[in-house]
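Structure at a glance
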Amino acid sequence: PDMTALNAENNYIYVGSSRGLVSVLDFRNGKKVWEMRLGGAVTTINITDEGILVGSLDNFLYLFDADTGN
């Protein structure tokens, strides 16, 4: 999938794709921490005090816990 959004903080890399996939990787070991599929392409990934705020072309904003994806 094409990468459409990217951000990084605290040893994590957050990647969004045109197919609606949000992936979180630990760049210390390269392993996937969690992954979530949304209903449309990921447009933005912002790191906030409350978690990871993700915008999507499915007309929703998602707020995920950075460590668990909940």
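The following paragraphs examine the structure supplied in this document. (Residues numbered from 1 in each chain as written. Predicted model: local features only at pLDDT ≥ 70, side-chain atom pairs only at ≥ 80, totals over all residues. Heavy atoms only, no water.)

1. Some remarks on the pattern of salt bridges
The following threshold applies: Criterion for a salt bridge: a side-chain nitrogen of Lys or Arg within 4 Å of a carboxyl oxygen of Asp or Glu. For every residue, the accessible area obtained with a 1.4 Å probe (protein chains only) is divided by the maximum for its type, and the residue is called buried under 20%, exposed over 50%, and partly exposed between those limits.
Evaluated as defined, the whole model comprises two salt bridges. Measuring nitrogen to oxygen at the nearest pair gives 2.7 Å for the salt bridge that ties Asp26 to Arg28. Relative accessible area serves as the criterion here: at 9%, Asp26 is assigned to the buried category. Between Glu35 and Lys32 there is a salt bridge, with the nearest N and O atoms lying 3.4 Å from each other.

2. Thoughts on the sheet that holds strand 5 (residues 42-47)
The condition that has to hold: Strand pairing is defined by DSSP finding a minimum of two bridges between the two strands. Elements are defined by DSSP. Helices are runs of H or I of four residues or more, strands are runs of E of two residues or more, and each kind is numbered from the N terminus. Between the N-to-C directions of two axes lies an angle of 0 to 180 degrees, each axis being a line fitted to C-alpha atoms and, for a helix, fitted only over the stretch in contact.
Strands sit in the order 5-6-7 across an open sheet of three strands; the sheet is antiparallel. Of all strands in the sheet, those with a lone pairing partner are strand 5 and strand 7 (61-64), marking the two edges. Within the sheet, the average angular offset between the axes of one strand and its neighbour, ignoring direction, is 20°. Both strand 6 (residues 52-56) and strand 7 contribute to a ladder of four bridges, which runs antiparallel. Directly across from Leu53, in strand 7, lies its bridge partner Leu63.

3. With respect to the environment of Asn10
Note on placement: Asn10 falls in the loop between strand 1 (3-9) and strand 2 (12-17). For Asn10, a relative accessible area of 61% translates into the label exposed. Expressed as a C-alpha distance, the spacing of Asn10 and Met36, which sit 26 residues apart in the sequence, is 19 Å.

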